[in-house]
Amino acid sequence: MKSKFYLYLVYVVLALSNTSIIPIVYAENEDENYASTVIIIDIGLDLTKQALLTNNYDSAEKYSALINNFYGKNIQFLRTFNSELSDEVHIRLLDLHSDILAKVESSDLIDQIDQLQKSFTHVTSIGNSNGNSNVIAFSILSEADVQYQFAIQDNSIESYFLTLSLIEQSKVIFEQNPTSDERLNQELHSFFDDLIKSVSNKNDFVVVGNLITAIQRDLV
């Protein structure tokens, strides 16, 4: 049964390849991009868990599909860091999605998510990362920009809340590792506040995209 589901999900991923999360560019800063990729997956799993806590299987299914699609697009890159773990997580993400579709008991699904997230604990804890935190925040914001476009164009509530979560996480990462330039820090805080306000008000995605670009420029 699950093998049939895997084949079905492959078709779904291919069909969504032009309308869902695009892969992060990995030309440089591979450690940072690996960390940002895992953080995005972790955030998506958190949102899936939140949906399941209220027995909202419809939203859980959509969040899970977003994360499976994102993971599938980035799996080759993830394998360069840990091939065995990456393949194992890929299968477990597929199993999770299959079980959500089958409406398995929510407590069992949440346990699956908890176990998946434990696999990434060493990466999602920014304090344990030796990478450039600004680059990590930069990459997470790139995904937020993409998700916000889908949230507005496709009226996707899941992409909308994923956008907010990604922006909030990138802000936390920045605040934990501020620059040595106080003026620049103040400017970034102001930009982040404007960005969160714009997304909360569901402003045009071009306006939001310009704010994200401004923040990314200051981060790097």
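Source: prediction; values computed, not measured.

Asks: Could you give an account of helix H2 (residues 30-53), with specific residues and numbers?
Replies: Compared with the 34 Å implied by 1.5 Å per residue over 24 residues, the 35 Å span of H2 between its first and last C-alpha is a close match. Counting buried residues along H2, 19 of its 24 residues qualify, which places the element largely inside the surrounding structure. Two residues or fewer past H2, Asn55 is found with a positive phi of approximately 60 degrees.

Asks: Provide a residue-level description of the pattern of salt bridges, including the pertinent values.
Replies: Scanning all chains against the criterion turns up eight salt bridges. One salt bridge in this structure joins Arg79 and Asp87, with 2.6 Å as the shortest N-O distance. Note that Arg217 and Asp218 form a salt bridge whose closest N and O atoms lie 3.4 Å from each other. Since its relative accessible area comes to 52%, Arg217 is described here as exposed.

Asks: If you had to explain unusual backbone geometry to someone new, which residues and values would you point to?
Replies: Phi is positive for Lys103, which is not a glycine, with a value near 55 degrees. By the secondary structure assignment, Lys103 is in the loop between helix H4 (83-101) and helix H5 (106-118). For Lys103, a relative accessible area of 56% corresponds to the exposed category. A positive phi angle, close to 55 degrees, is found at Lys202, a residue other than glycine. On the secondary structure map, Lys202 appears in the loop between helix H9 (182-200) and helix H10 (205-219). Judged by relative accessible area, which is 48%, Lys202 ranks as partly exposed.

Asks: Describe the packing of aromatic side chains, listing the residues and the values that go with them.
Replies: The full count for this structure, using the stated rule, is four aromatic pairs. Here the aromatic cluster, defined as three or more aromatic residues joined through ring pairs, consists of Tyr34, Phe77 and Phe81. Of note, Lys202 hangs over the ring of Tyr160, and the distance from its end group to the ring centre comes to 4.8 Å.

Asks: Any details on the packing of helix H7 (residues 133-153) against H10? Residues and values, ideally.
Replies: Interaxial distance between H7 and H10 falls to 10 Å at its minimum, and their mutual angle equals 175 degrees. Judged by the inter-axis angle, H7 sits roughly antiparallel to H10. Contacts between H7 and H10 pair Asn134, Ala137, Phe138, Leu141, Ser142, Ala144, Asp145, Tyr148, Gln149, Ile152 and Gln153 from the former with Phe205, Val208, Gly209, Ile212, Ile215, Gln216 and Leu219 from the latter. In the contact of H7 with H10, the residues fall into eleven nonpolar, six polar and one charged.

Asks: Outline the nonpolar core, supporting the account with residue identities and numerical values.
Replies: In this structure, Ile41, Tyr71, Leu141, Leu195, Val199 and Ile215 are the most contacted members of the largest nonpolar core, which totals 57 residues. Broken down by secondary-structure element, the contributors of at least two residues to this core are H2, helix H3 (57-79), H4, H5, H7, helix H8 (157-176), H9 and H10. When residues of this core are assigned to their parent elements, the largest contribution, eleven residues, is made by H2. Excluding its chain neighbours within four sequence positions, the residues that come into contact with Val199 are Tyr148, Tyr160, Thr163, Leu164, Ile167 and Val208.

Asks: I'd love a proper account of the environment of Ala137, names of residues and values included.
Replies: Considering the arrangement of structural elements, one finds Ala137 in helix H7. For Ala137, a relative accessible area of 0% corresponds to the buried category. The sequence separation of Ala137 and Ile167 amounts to 30 residues, and the corresponding C-alpha distance is 8.6 Å. Leaving out residues up to four positions away in the same chain, Ala137 has contacts with Ser170, Ile173 and Leu219.

Parameters and conventions
Residues numbered from 1 in each chain as written. Predicted model: local features only at pLDDT ≥ 70, side-chain atom pairs only at ≥ 80, totals over all residues. Heavy atoms only, no water. Helix = DSSP H or I, 4+ residues; strand = E, 2+ residues; numbered from the N terminus. Expected span 1.5 Å × (residues − 1). Buried < 20%, exposed > 50% of the residue type's maximum accessible area, 1.4 Å probe, protein only. Salt bridge = Lys/Arg side-chain N within 4 Å of Asp/Glu carboxyl O. Phe/Tyr/Trp six-rings, centres within 6.5 Å; stacked < 30°, edge-to-face > 60°. Lys NZ or Arg CZ within 6 Å of the ring centre and 35° of its normal. Axes fitted to C-alpha atoms, helices over the stretch in contact; angles between N-to-C directions. Parallel < 35°, antiparallel > 145°, perpendicular 65-115°, else oblique. Contact = heavy atoms within 4.5 Å. Nonpolar A, V, L, I, M, F, W, Y, C, P; charged D, E, K, R; others polar. Core = buried A, V, L, I, M, F, W, Y, C linked by side-chain atoms within 4.5 Å.

Shape descriptors only; they carry no functional weight alone.
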